Amino acid sequence: MDRVKFTQMKDGTPEEYQFLTEHEVAYTKGTASRLLAALVDLDEGLSGYQVSRLGHSLQSATRAYRDGADIDWIVSALLHDIGDIYAPYNHDEYAATIIRPFVREQCTWVVEKHGDFQMLYYGHHVGGNQHKRDAYNGHKYFDDCADFCERWDQASFDPAYDTLPIDFFEPMVHDVFSRAPYDPAVIRPGEREALQNAGLAGQRAE
Ligand SMILES: [Fe+2]
Ligand SMILES: [Fe+2]
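- In the nomenclature of an unreviewed UniProt entry, the protein corresponds to HD domain-containing protein from the organism Sulfitobacter aestuarii.

Next comes the structure, spelled out in structure tokens:
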């Protein structure tokens, strides 16, 4: 079989669905590469800043890496704005949806809410609510999202910063997206890892 015969899903046979599942599994293995390619596409988007969207993403991830953060944090920082391409009005939710099966719940929540938390830095300049993040006061990941924005997101628009190249992060993206989806050992609901690891910060090889 090189393609199914049905024209409506309800008419498919078990063999056809087995065939499609095998195709899907093979296609899924390419997710990391497709995301990395999409990240490069970001480079063409959203001008006006001193760094491109790709530059901002790489700079955020570089800062996470240099803070000694773990791989879930680094990949989350790298992909946090990937939604800018197709979902300019909810880019945070879009990115969170992509990473949710493969990273800790803590990181997904932070990526999902980072847009609201970022308002702290510019909301008052654009007639928005600077304190939108207050809606999450008391949430177990509130401080993590506040730190993520302060240390990695709002800080990463500096063209003079020594940003690591995309090749550096490529193996990490492959590692994360080759995990079993929704593995409880990865998601670890409610558990928190620090954004900064004093033992590793500044010590990592580059
Ligand atoms: Fe963002
Ligand atoms: Fe960002």
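**A short note on the packing of helix α2 (residues 31-41) against helix α8 (residues 166-177)**
- The N-to-C vectors of α2 and α8 enclose an angle of 145°; their axes lie 9 Å apart at closest approach. Read as a crossing pair, α2 and α8 show a hand that is right-handed. Across the interface between the two elements, T31, A32, L35, L36, L39 and V40 from α2 touch I166, E170, V173, H174 and F177 from α8.
- Partitioning the contact of α2 with α8 into residue classes produces eight nonpolar, two polar and one charged.

**Structural notes on the UniProt feature "domain: HD" (unreviewed entry) in the protein**
- Within this numbering scheme, the UniProt entry marks residues 53-118 as carrying the feature "domain: HD" (unreviewed entry).
- Structurally, residues 53-118 comprises 70% helix and 0% strand, and the distance from its first C-alpha atom to its last is 16 Å.

**Notes on the packing of helix α4 (residues 71-79) against helix α6 (residues 105-122)**
- It is the contact of α4 with α6, at a shortest axis distance of 10 Å, that shows an interaxial angle of 20°. Viewed along their axes, α4 and α6 adopt a mutual orientation that is roughly parallel. Considering how the two elements wind past one another, α4 and α6 form a crossing that is right-handed. Contacts between α4 and α6 involve D72, W73 and S76 from the first element and C107, V110 and V111 from the second.

**What about unusual backbone geometry?**
- Look at Y182: it is not a glycine, yet its phi comes out positive at around 60°.
- Phi is positive for R188, close to 40°, though the residue is something other than glycine.
- When you line up the elements, R188 lands in the segment after α9 (184-187).

**Structural notes on the environment of A95**
- Structurally, A95 is set in helix α5 (residues 91-99).
- Residue class for A95 comes out buried when judged on the 23 C-beta atoms lying within 10 Å of it.
- Along the primary structure A95 and V4 are separated by 91 residues, whereas in three dimensions their C-alpha atoms are 32 Å apart.
- Those residues in contact with A95 that lie beyond four places of it in its chain are L79, H80, D81, I82, G83 and V111.

What counts, and at which threshold
Residues numbered from 1 in each chain as written. Chains lettered and ligands numbered in written order. Predicted model: local features only at pLDDT ≥ 70, side-chain atom pairs only at ≥ 80, totals over all residues. Axes fitted to C-alpha atoms, helices over the stretch in contact; angles between N-to-C directions. Helix = DSSP H or I, 4+ residues; strand = E, 2+ residues; numbered from the N terminus. Left-handed = near helix turned anticlockwise from the far one by under 90°. Contact = placed C-beta atoms within 7 Å. Nonpolar A, V, L, I, M, F, W, Y, C, P; charged D, E, K, R; others polar. UniProt positions renumbered as here; feature names shortened; annotations may be inferred. Parallel < 35°, antiparallel > 145°, perpendicular 65-115°, else oblique. Buried ≥ 20, exposed ≤ 12 C-beta atoms within 10 Å, placed from the backbone.

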